[in-house]
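Observations on the three-dimensional arrangement
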Amino acid sequence: MSGVWLRDLAKILTNARVPVVEESYNRGPYAGKKWSQVGFNNQGYRAFKFIVWHHDASPANQDSPGALEWMKYMEIAPAGAIWVCSGCNKKHASGTWHLIAAGLSNHAGTGGNDPKRGGNTWGVPVDGMNAVALGIETDHTYNESWKGAQKQAQLNSLRRGTAAIMLAYKLNPRPGLMRHLDWTNGLIDGNGKFTTYGRKNDIDGLDLTDERNRVRAIMQELRTPNPKAAALTRRLERTRAKKAELKAAGESTAGYPSMIHRLRDRIKRLTGG
């Protein structure tokens, strides 16, 4: 079992107060194994440099626990290392992380080909993201809203768990965090339009720059625990969410940029960031 194996994910997430389920396999090629023993063809990652967010394209506005079974047992299983649920029909808290594989999973597929640069975009060979990136799937689909307590809990958990993993493995949200569509489309981090533009649209409804900033703020909170800073970070998240909601509705966001700036400054002073 060669390569990099992320067997400490459960501990990292639990320490960050993120709900976790450690999955096991009862059939197929990994029957009798726990998630920590599973990697595609018993392979680990070549290196761990990125986290890629996905959605599972399951039906909108409902829990879709069947997606977990699909990822674990489809032909190219595991088809993702983690699945973040929206409650599994109230069996779990919304935002529970289901750990599927500690080693290699099939999630990114073709991408990374900027015709102006050739191969090795982000230092990753064309079509080679699986070997260096943790793929996180979510119970979400195209045009599904992130509004409402259940979806917000799921999204906030996705952010917090990602921040905890990136902090533990010393990854920078830029360029270390991306959406699946960024790997197939390009047009970020100085890259041009990729030849696979339009192949994928996940994870839908999230702005990459905003999400990278949010994850970075949570990393700072986790890095220097401070109750007041944590409370301000949660307030900052709510303020950002309200700004995004107003913007999506075409309403004025006057005053929100300055509020966000002041909150970020206060958090930095408290944490020394």
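Located above this text is the structure these notes cover.
Residues numbered from 1 in each chain as written. Predicted model: local features only at pLDDT ≥ 70, side-chain atom pairs only at ≥ 80, totals over all residues. Heavy atoms only, no water.

Turning our attention to the overall build of the protein. Helix and strand counts for the protein stand at eight helices and six strands. In sequence order, the protein lays out its α and β elements as α-β-β-α-β-β-β-α-α-β-α-α-α-α. Relative to the 2.2 N^0.38 estimate, which gives 19 Å for 273 residues, the radius of gyration of the protein is 18 Å and therefore close to what a compact globule would have. Considering only C-alpha atoms, the protein reaches an extent of 55 × 45 × 35 Å along its principal axes. Split into buried and exposed, the 273 residues of the protein put 52% on the buried side. Long-range contacts, defined as pairs at least 24 residues apart, comprise 73% of the intrachain contacts of the protein with a sequence gap of at least 6. Split by element, the accessible area of the protein, about 12,600 Å² in all, is 50% carbon and sulfur. Of the charged side chains in the protein, 40 are positive and 24 negative; the average position of the first set lies 8 Å away from that of the second. (Helix = DSSP H or I, 4+ residues; strand = E, 2+ residues; numbered from the N terminus. Rg over C-alpha atoms; globule rule 2.2 N^0.38 Å. Buried < 20%, exposed > 50% of the residue type's maximum accessible area, 1.4 Å probe, protein only. Contact = heavy atoms within 4.5 Å. Areas by Shrake-Rupley, 256 points an atom, 1.4 Å probe, with all protein chains shown as cover. Lys, Arg positive; Asp, Glu negative; His and termini not counted. Charge placed at Lys NZ, Arg CZ, Asp CG, Glu CD.)

This part takes up the environment of M259. Topologically, M259 is positioned in helix 8 (residues 256-271). Separated by 19 residues in sequence, M259 and R240 have C-alpha atoms that sit 9.4 Å apart.

Quick look at the state of the cysteines now. Linking two cysteines covalently via their sulfur atoms produces the bond known as a disulfide. All chains considered together, the criterion is met by zero disulfides. The closest cysteine sulfur to the non-disulfide-bonded C85 is located on C88, 3.7 Å from its own sulfur. Using a relative accessible area of 0% as the deciding quantity, one classes C85 as buried. Judged by relative accessible area, which is 9%, C88 ranks as buried. (Disulfide = S-S within 2.5 Å.)

Before going further, it helps to examine the environment of K242. Along the chain, the position of K242 falls in helix 7 (residues 227-248). Residue class for K242 comes out partly exposed when judged on its relative accessible area of 35%. A C-alpha to C-alpha distance of 27 Å links K242 and L167, two positions 75 residues apart in sequence.

What follows is about the nonpolar core. If you look at the biggest cluster of nonpolar residues, it comprises 37 residues, and the most contacted ones within it are I51, W53, I82, W97, L134, I136 and I165. Those elements that provide at least two residues to this core are helix 1 (9-15), strand 2 (50-53), strand 3 (82-84), strand 4 (97-99), strand 5 (133-138), helix 3 (149-168) and helix 6 (208-223). The element that contributes the greatest number of residues to this core is helix 3, accounting for six residues. With residues near it in sequence (within four places) discarded, I136 still touches I51, V52, W53, H54, I82, V84, W97, L158 and T162. Among the nonpolar cores identified, the runner-up in size contains 14 residues, and V124, V132, A133 and M178 belong to it. (Core = buried A, V, L, I, M, F, W, Y, C linked by side-chain atoms within 4.5 Å.)

So, about helix 7. The terminal C-alpha atoms of helix 7, which comprises 22 residues, lie 32 Å apart, in line with the 32 Å expected from a rise of 1.5 Å per residue. Along helix 7, the residues that are buried comprise A229, A230, L232, T233, L236, E237, T239, R240 and L246. (Expected span 1.5 Å × (residues − 1).)

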